[in-house]
Amino acid sequence: MAKQQVTVPDIGGAEAAEVIEVLVAVGDEVAVDQGLIVLESDKASMEIPTTVAGTVVELLVAEGQQLAEGAPVVVIEVAGEPGQSAAAEEAPAEADTGVAEAGAAESVSATAAEPAPPESGPAVETPAAATPQAAPPTASGGGSGGVYAGPAVRKLAREFGVALQQVSGSGPRGRVLKEDLQQFVKSALSGKPAASAGAGIPSIPDVDFARFGPVEVTERSKLDKLTAANMQRSWLNVPHVTQFDEADISALEEFRAGLKSEAEQRGTRLTPMPFILKACAVALRDNPKFRSSLAAQGEQLVFKDYIHIGMAVDTPAGLVVPVLRDVDKKTIWELAEEVLVLAAKARDRKLSPGEMQGGCFTISSLGNIGGNGFTPIVNAPEVGILGVSRAAIKPVWDGQGFAPRTLLPLALSYDHRVINGGDGGRFLSRLVALLGDIRQLLM
Ligand code: CAO
């Protein structure tokens, strides 16, 4: 089998460029156009592809080396029948075949072409044959494996000594952008916690509202500021989808009304919330993805074998989310009591940190306040949240006429990285069925 040496093509006028990533190893099978190394000059980073297919038998470069046009990169034992395998040989009109003897190996270099600017174009774009490519962001190398980032960002991270896993990426598919890295370094230097992903987005400028009329300025509570940061982090990181439906809770409401005096005797209050919690527990049991969380930079899903549900509570100090544990194992009366206790504790600011941790899913009910729908923000790293609005009696066609039914509007938001529309539809339909016929909660 013939051996051929692949050399560095014209790299867009740069005298020399640094090898910032070696993409192949000895023994690797490579196809035509597959990237061999990533070079970075002052102007651009570019992937140097092979013009021949075969097996890498010699690696002639190392990271950190400066390479100029014509420098040898690898020796490839060409695949296929001798004499007919090299793409460069078969397309001499397109490729600069500038063949030179290098030991037993012929030398081929990639076509001279203007390198694209770094980080341009989608990472999956098919490269033009035998042309230095603007290097796509990779998820390997540089001690930051699993992180999606371009070579320029990787280089900068190396220079700063930053492990890219620590940086939240605000680019497409969570890619770490230069701005994310800059923000991370800035935060680290200032001693403040790293800003949320999206640090690269333009900020909204401060406006002097007093120019337009009298104003009053107040300091925001710690809780308010924490909630704001959490909301922004979730909103920027999680691709949200929200699905809507209405549950016919006429029978549930009748049942609940019948239990009013028993609730009084027990010294408690029975709102729709315990039933909604129980219905969610059954739907979560049956749809495990809704009780999962992403881990290892999106490489893994952690499925939780417990059903703890957070409940958003509106308090004068701000929003808090206590977590009811093992909802699937508790009775409606136990849940009713726990809702009252946790809501009271939340309003009195008596919740311990432990009582606000460990949720798999959240319910946010504005049923006592009003509105017929809203799109709740997922409480990341959870992947789903149910928004409950105010039930109302509406005419519903029963096949013969319109009948008054009590309908409860539900909005299910979820993380589309984990849950697709089918999963979401199944979860919500199950909830609607469970709340429409609460006997099913026993099954
Ligand atoms: N439709 C119609 N009525 C409803 C209802 C609904 N979906 N949900 C509750 N109600 C009724 C209750 O039945 C109760 O009336 P009765 O005593 O006559 O039965 C009344 O509204 C008040 O209920 P409640 O709010 O005190 O109790 P709850 O169990 O429904 O909810 C809690 C508890 C803590 C979730 C709620 O008080 C709360 O704080 N909700 C706000 C959550 C929030 O802010 N979410 C937004 C987060 S994002 O900013």
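What comes next concerns the included structure.

Rules used throughout
Residues numbered from 1 in each chain as written. Predicted model: local features only at pLDDT ≥ 70, side-chain atom pairs only at ≥ 80, totals over all residues. Heavy atoms only, no water. Helix = DSSP H or I, 4+ residues; strand = E, 2+ residues; numbered from the N terminus. Buried < 20%, exposed > 50% of the residue type's maximum accessible area, 1.4 Å probe, protein only. Contact = heavy atoms within 4.5 Å. Areas by Shrake-Rupley, 256 points an atom, 1.4 Å probe, with all protein chains shown as cover. Expected span 1.5 Å × (residues − 1). Phe/Tyr/Trp six-rings, centres within 6.5 Å; stacked < 30°, edge-to-face > 60°. Near = heavy atom within 4 Å. Polar contact = N/O pair within 3.5 Å; in protein donor to acceptor, adjacent residues only side chain to side chain. Axes fitted to C-alpha atoms, helices over the stretch in contact; angles between N-to-C directions. Left-handed = near helix turned anticlockwise from the far one by under 90°. Nonpolar A, V, L, I, M, F, W, Y, C, P; charged D, E, K, R; others polar. Pairing = 2+ DSSP bridges. Core = buried A, V, L, I, M, F, W, Y, C linked by side-chain atoms within 4.5 Å. Salt bridge = Lys/Arg side-chain N within 4 Å of Asp/Glu carboxyl O.

Turning next to the overall build of the protein. Scanning the protein for helices and strands turns up 9 helices and 21 strands. Counting the 443 residues in the protein, one finds 41% classified as buried. Looking at the protein alone, contacts between residues at least 24 apart form 60% of all its contacts between residues at least 6 apart. A total of about 22900 Å² of accessible surface is found on the protein, and carbon and sulfur atoms cover 54% of it.

So, on to helix α8 (residues 332-347). Counted at 1.5 Å a residue, the expected span for α8 with its 16 residues is 22 Å, and the 22 Å between its end C-alpha atoms agrees. By the burial criterion, the buried members of α8 are Trp333, Leu335, Ala336, Glu338, Val339, Leu342, Ala343 and Ala346. Summarising the contacts, the buried residues of α8 are in contact with α6 (260-265), α7 (273-286), β14 (309-311), β15 (313-315), β16 (318-320) and β17 (323-324). Backbone geometry just downstream of α8 places arginine 349 in the positive-phi region, at approximately 55°.

Let us now look at the packing of aromatic side chains. Working definition: an aromatic ring pair is given by the centre-to-centre distance plus the angle between the planes. Inspection of every chain in the model, using the stated rule, returns 5 aromatic pairs. Judged by centre distance (4.1 Å) and plane angle (25°), the ring pair of phenylalanine 290 and phenylalanine 427 falls under stacked. Of this pair, phenylalanine 290 sits in the loop between α7 and β12 (292-295) while phenylalanine 427 sits in helix α9 (residues 421-436), and the two are 137 residues apart along the sequence. Note on tryptophan 397 and phenylalanine 402: the rings are 5.0 Å apart at their centroids and 70° apart in plane angle, and the pair reads as edge-to-face. The exposure classification of tryptophan 397 matches that of phenylalanine 402, with both residues exposed.

A few words now on the site of the ligand. Around the ligand sit 22 residues, and of these Thr271, Arg347, Ser364, Asn368 and Ala391 come closest. In the model, an oxygen atom of the ligand is placed 2.7 Å from a nitrogen or oxygen of the asparagine 368 side chain. Summarising the interface, the protein chains cover 75% of the accessible area of the ligand, which totals 960 Å² for the free molecule. At the level of elements, β15, α8 and β18 (361-365) are the ones that each hand at least two residues to the shell around the ligand.

Further remarks concern the packing of α7 against α8. The interhelical angle for the contact between α7 and α8, taken along N-to-C directions, is 115°, at an axis separation of 8 Å. Note on packing geometry: the crossing formed by α7 with α8 is right-handed. Contacts between α7 and α8 pair Met273, Pro274, Phe275, Leu277 and Lys278 from the former with Ile332, Leu335, Ala336 and Val339 from the latter. Broken down by class, the residue content of the contact of α7 with α8 amounts to 8 nonpolar, no polar and 1 charged.

Moving on: the pairing of strand β4 (residues 35-40). Burial of β4 is extensive: 6 of the 6 residues sit out of reach of the surface. As defined by bridge partners, strand β2 (residues 17-22) adjoins β4 across 4 bridges and the pair is classed as antiparallel. The residue of β4 that forms the bridge with valine 22 is isoleucine 37.

We now examine the nonpolar core. Residues Leu277, Ile309, Phe361, Ile363, Leu386, Leu410 and Leu435 are the most contacted members of the largest nonpolar core, which totals 54 residues. Counting residues per element, the ones that place at least two in this core are α7, β14, α8, β18, β19 (384-388), β21 (402-415) and α9. The contact partners of leucine 277, leaving out residues within four places of it in the chain, are Ile309, Leu324, Val327, Leu335, Val339 and Ile363. Among the nonpolar cores identified, the runner-up in size contains 20 residues, and Val19, Val24, Met46 and Ala71 belong to it.

To continue, consider the pattern of salt bridges. Pairing of side chains with opposite charge becomes possible as their charged atoms draw close. Inspection of every chain in the model, using the stated rule, returns 14 salt bridges. Across the pair arginine 266 and glutamate 262 runs a salt bridge whose closest N-O atoms are separated by 3.1 Å. For glutamate 262, a relative accessible area of 28% puts it in the partly exposed group. Put simply, aspartate 423 and arginine 426 hold a salt bridge, and the shortest N to O gap is 3.2 Å.

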